[in-house]
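# Descriptive structure summary
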Amino acid sequence: MSVGDIDGDGFSEVYVNSYVEADGFAFSLVYAFDHQGRELTEAGFPKTIMGDPWGCSPLVGDVDGDGQKELVVASAGAPIMAWESDGSATPGFPMLGLSAELYTTPTLEDLDQDGDLEMMVTGFNYQFHVLDLPGSYDPTTTDWGMSRHDPQNSGWTLPAPKLDPISVPDQIHPGQKLEVQLTASHPVNLQPRLLVSNLPEGASYDAENSTVSWEPTLEQVFQSYSFGFTVTDGIRQDSRKVTVEVISDAIYHARMDTNPDWTLDAGWDWGIPAYRGVGKNNDPEVGHTGENVMGYALWGDYRSNVAETRYATTRAINCQGFKNIRLSFWRWLGIESPGDYACVQVSNDGLTWADLWTAGQSAVLDDAWQFVDYVVPADIGDDRMEVYFRWGIGPTDNSVTNAGWNIDDVQVTGDPIQ
């Protein structure tokens, strides 16, 4: 059974596809009744189709693109048939070359989202068919587009709740506030629920005001986040997903998608780390975002008996007009300590260097990407035309070795000087 207003009088009709055995034949009789239960005999109902109706619901939609709804029936083994509101055959029907399989109902929907209506049907020839039908897709002219009405198999004829358009920017900077107000249309006698999923860290949803709020952090830069929004009446639902990319507004950044052209001592390289998959000394399989990293000993573990510190050094970074300079990046580091040495340093002349971090007395054995953030001393970084950063490893002793440095998504940030 299905329900829809084909004749456009503002009242729905009821359509029933029934199975009949008579005189040695099995066939379908398609009945139609108006909103008062009267059979629509003047339109020629019931209609006879020499096919098997098991599992096949009548469909109501505009399949010929004339702006008027038609009744579509696909009884198994018989050509797919459609009728106009007066009972006459719809142009292009019956589809003599296409029959539906048992226990199936075609679906009317804009499958490829091109604005046109498609029909999807499992054929009697064991093939799945998708037909591009004439005219544009319009939900208001598709009263019953699939078995049991909708993807939730509700069989309900009341309008389903719908999310209103959601306005979200494609990109956002760290510290920039994002607010999303959710609204929905729904039947007046049902109270919908608005649901939000996949909230990134730091985001919140105020159910009372139906508002999502979020201020991304430096740690979330270079990543995309997909928010899921749903409205439901408890039976049907409408869902939408929006994606927001957090982009850097830093003084300097290096995503490592491309080679940042740093100065590299022996053992340092830009590329894909060598992941070996056993033990505790692994490099990551890929970068924190993207495939590439800046790393030391990308082939595996660093060597024993490295006699001096080897560095990867940025180019000069212009921090004029900024104060409170910070260096942040994602690391995957494996270093034996205190036998082996590692450090992060800063300089404003490329000659005299100050430590931002050094390996301590305990080994560092990262087994996941770690976000780190260091404050640059004001006398070194604030309002300086040239600021350099470097990562070092070595000297190393003659015993235990490890995976070394893997560096990604480097940012140098600061506050504008007023």
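Each remark here, short or long, concerns the structure printed above.
Now for a quick tour of the structure.

Parameters at a glance
- Residues numbered from 1 in each chain as written.
- Predicted model: local features only at pLDDT ≥ 70, side-chain atom pairs only at ≥ 80, totals over all residues.
- Heavy atoms only, no water.
- Helix = DSSP H or I, 4+ residues; strand = E, 2+ residues; numbered from the N terminus.
- Rg over C-alpha atoms; globule rule 2.2 N^0.38 Å.
- Buried < 20%, exposed > 50% of the residue type's maximum accessible area, 1.4 Å probe, protein only.
- Salt bridge = Lys/Arg side-chain N within 4 Å of Asp/Glu carboxyl O.
- Pairing = 2+ DSSP bridges.
- Patch = residues over 30% accessible without salt bridge, like charges linked within 9 Å, V, L, I, M, F, W, Y side chains within 5 Å.
- Areas by Shrake-Rupley, 256 points an atom, 1.4 Å probe, with all protein chains shown as cover.
- Phe/Tyr/Trp six-rings, centres within 6.5 Å; stacked < 30°, edge-to-face > 60°.
- Lys NZ or Arg CZ within 6 Å of the ring centre and 35° of its normal.

## Examining the overall build of the chain
A count of helices and strands for the chain gives one helix and 34 strands. A compact globule built from 418 residues would reach a C-alpha radius of gyration of about 22 Å, whereas the chain, at 33 Å, exceeds it by more than 25%. Dimensions of the chain, computed from the C-alpha atoms along their principal axes, are close to 100 × 50 × 30 Å. Counting over 418 residues, the chain shows a buried share of 48%.

## With respect to the pattern of salt bridges
Summed over all chains, the structure comprises nine salt bridges. Put simply, aspartate 34 and arginine 38 hold a salt bridge, and the shortest N to O gap is 2.7 Å. In this structure, arginine 236 and aspartate 233 form a salt bridge, with 3.0 Å as the shortest nitrogen-oxygen distance. Residue class for arginine 236 comes out buried when judged on its relative accessible area of 1%. Overlapping salt bridges bring together Glu245, Arg255 and Asp257 as one network.

## Quick look at the sheet that holds strand E30 (residues 354–358)
Spatial ordering of the open sheet is given by E23-E26-E33-E29-E30, a layout of five strands whose pairing is antiparallel. Lying at the two open borders of the sheet, with one neighbouring strand each, are strand E23 (263–264) and E30. Taken together, the two bridges between E23 and strand E26 (residues 310–313) define a ladder with antiparallel strand orientation. Looking at E26, one finds that leucine 264 is bridged to alanine 312.

## A word on a nonpolar patch on the surface
On the surface, a cluster of nonpolar side chains totalling about 370 Å² of accessible area is made up of Tyr19, Trp54 and Tyr103. You can see tyrosine 19 is positioned in strand E2 (residues 13–22).

## Topic: the packing of aromatic side chains
For the structure on display, the rule yields 15 aromatic pairs. Centre to centre, the rings of tryptophan 214 and tyrosine 225 are 5.4 Å apart; their planes meet at 75°, and the pair counts as edge-to-face. Taken together, the positions of tryptophan 214 in strand E19 (residues 211–214) and tyrosine 225 in strand E20 (residues 224–232) put the pair 11 residues apart, joining distant regions of the chain. The buried category is assigned to tryptophan 214, whose relative accessible area is 1%. Residues phenylalanine 227 and phenylalanine 229 carry aromatic rings whose centres are separated by 6.2 Å and whose planes lie at 5° to one another, so their mutual orientation is stacked. Judged by its relative accessible area of 2%, phenylalanine 227 falls in the buried class. An aromatic cluster of three or more residues is present, and its members are Trp262, Phe329, Trp357, Tyr374, Trp391 and Trp405. The ring centre of tryptophan 353 lies 4.1 Å from the NZ or CZ of arginine 390, which sits over that ring.

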